[in-house]
Amino acid sequence: GAVVSQHPSWVICKSGTSVKIECRSLDFQATTMFWYRQFPKQSLMLMATSNEGSKATYEQGVEKDKFLINHASLTLSTLTVTSAHPEDSSFYICSARVPGESTDTQYFGPGTRLTVL
Amino acid sequence: GENVEQHPSTLSVQEGDSAVIKCTYSDSASNYFPWYKQELGKRPQLIIDIRSNVGEKKDQRIAVTLNKTAKHFSLHITETQPEDSAVYFCAATDSWGKLQFGAGTQVVVTP
């Protein structure tokens, strides 16, 4: 089956520092990946769509200069939270579509728990 | 854009009983409706999905129904077991093909 991994699984950082989260498709090539944020006891909120070889498209209200997305290869997308603040603490989850399958089915990574002190 | 509403927010059922979660959506162009199960601190797991050309789909104890005219779809879990306890999310694709999630339903199955 389609497997998506994320690294790290959790990270603690100081306010003002930057944190990079990796999302990898392990057994397939993903031209499109998605980044979600989930606050405790809330739903998944789409932050941006990551497209291999082109700029990411961000959802309304998401600061593109704060959440930098790079999809440099068909198996890797990265999300960098720049100048992190405590309010950025959240569960960040990526997902990917499998080429050849329905264009709608998304497979999720295990998530990254970010805590900003 | 797409707006997905989900009810109830919490659902307590006794083991062996059925659980039903309902969702409505706003975008008539939506054509894909997945359901995800998420345990605490874990990734959402796709448990069943339905496309707009089908009215009902069943997979063992789980079934989903879709009413496109009324723009609502439901998840049915029969013979619930304690391991069914989790948060369940419905979702629908918007006109851009992106998933919009409902707010989630915390299901608690008591032995």
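Residues numbered from 1 in each chain as written. Chains lettered and ligands numbered in written order. Predicted model: local features only at pLDDT ≥ 70, side-chain atom pairs only at ≥ 80, totals over all residues. Heavy atoms only, no water.

Notes on the overall build of chain B
Stage number 1. The helix and strand tally for chain B stands at zero helices and 11 strands.
Stage number 2. In chain B, the succession of α and β elements from N to C terminus is β-β-β-β-β-β-β-β-β-β-β.
Stage number 3. Its C-alpha atoms give chain B a radius of gyration of 13 Å, near enough to 13 Å, the size a compact globule of 111 residues would have.
Stage number 4. If one aligns the C-alpha atoms of chain B with their principal axes, the spans along those axes are about 40 × 30 × 20 Å.
Stage number 5. Per-residue burial for chain B yields a buried fraction of 45% across its 111 residues.
Stage number 6. Of the contacts made within chain B by residues no fewer than 6 positions apart, 52% connect residues no fewer than 24 positions apart. (Helix = DSSP H or I, 4+ residues; strand = E, 2+ residues; numbered from the N terminus. Rg over C-alpha atoms; globule rule 2.2 N^0.38 Å. Buried < 20%, exposed > 50% of the residue type's maximum accessible area, 1.4 Å probe, protein only. Contact = heavy atoms within 4.5 Å.)

What about the nonpolar core?
Stage number 1. The biggest cluster of nonpolar side chains holds 25 residues, and the ones touching the most others in it are Trp35, Phe67, Leu79, Tyr92 and Leu114 of chain A.
Stage number 2. If sequence neighbours within four positions are ignored, phenylalanine 67 of chain A has contacts with Arg37, Met47, Tyr58, Val62, Leu79, Thr80, Val81, Asp88 and Tyr92 of chain A.
Stage number 3. Of all hydrophobic cores here, the second largest spans 24 residues; its members include Ile48, Leu66, Leu75 and Cys90 of chain B. (Core = buried A, V, L, I, M, F, W, Y, C linked by side-chain atoms within 4.5 Å.)

Considerations on the interface of chain A and chain B
Stage number 1. The partner chain B presents 19 residues to the 21 residues of chain A that form the contact.
Stage number 2. Summed over both partners, the interface of chain A with chain B buries about 1500 Å², with 51% contributed by carbon and sulfur atoms.
Stage number 3. Lysine 98 of chain B is the partner of glutamate 59 of chain A in a salt bridge, and the nearest nitrogen-oxygen pair spans 2.6 Å.
Stage number 4. Across the chain A-chain B interface, the total number found is seven residue pairs in polar contact (both at pLDDT 80 or more).
Stage number 5. Of all the secondary-structure elements, those providing two or more residues to the side of chain A that touches chain B are β4 (32-38), β5 (45-51), β9 (90-97) and β10 (106-108) of chain A.
Stage number 6. Along the lines of polarity and charge, the residues of the side of chain A that touches chain B split into nine nonpolar, eight polar and four charged. (Buried area = accessible area lost by both parts, 1.4 Å probe. Salt bridge = Lys/Arg side-chain N within 4 Å of Asp/Glu carboxyl O. Polar contact = N/O pair within 3.5 Å; in protein donor to acceptor, adjacent residues only side chain to side chain. Nonpolar A, V, L, I, M, F, W, Y, C, P; charged D, E, K, R; others polar.)

As for the sheet that holds strand β3 (residues 19-25) of chain B
Residues and elements named next belong to chain B.
Stage number 1. Strand order in this open sheet of five strands is β1-β3-β8-β7-β6, and the pairing throughout is antiparallel. Sheet topology places β1 (4-7) and β6 (56-59) at the edges, where each strand pairs with a single neighbour. Strand-to-strand twist in this sheet, taken as the mean axis angle between neighbours without regard to direction, amounts to 15°.
Stage number 2. Relative to strand β8 (residues 72-77), β3 runs antiparallel, the two being bridged by six bridges. The residue of β8 that forms the bridge with cysteine 23 is phenylalanine 73. (Pairing = 2+ DSSP bridges. Axes fitted to C-alpha atoms, helices over the stretch in contact; angles between N-to-C directions.)

Quick word on the packing of aromatic side chains
Stage number 1. For the structure shown, the criterion picks out 11 aromatic pairs over all chains.
Stage number 2. Three or more aromatic residues joined by ring pairs form one cluster here, namely Tyr36 and Phe108 of chain A together with Tyr36, Phe89 and Phe101 of chain B. (Phe/Tyr/Trp six-rings, centres within 6.5 Å; stacked < 30°, edge-to-face > 60°.)

Some thoughts on the environment of valine 109 of chain B
Residues and elements named next belong to chain B.
Stage number 1. By the secondary structure assignment, valine 109 is in strand β11 (residues 105-110).
Stage number 2. According to the relative accessible area criterion, valine 109 is buried, its value standing at 6%.
Stage number 3. Separated by 57 residues in sequence, valine 109 and serine 52 have C-alpha atoms that sit 30 Å apart.

Digging into the sheet that holds strand β1 (residues 4-7) of chain A
Residues and elements named next belong to chain A.
Stage number 1. The four strands are arranged β1-β3-β8-β7 in an open sheet whose pairing can be described as antiparallel. At either margin of the open sheet sits one strand with a lone partner, and together these are β1 and β7 (67-73). In this sheet, neighbouring strand axes are inclined to one another by 20° on average, regardless of whether the strands run parallel or antiparallel.
Stage number 2. One ladder, built from four bridges, connects β1 with strand β3 (residues 19-25); its direction is antiparallel.

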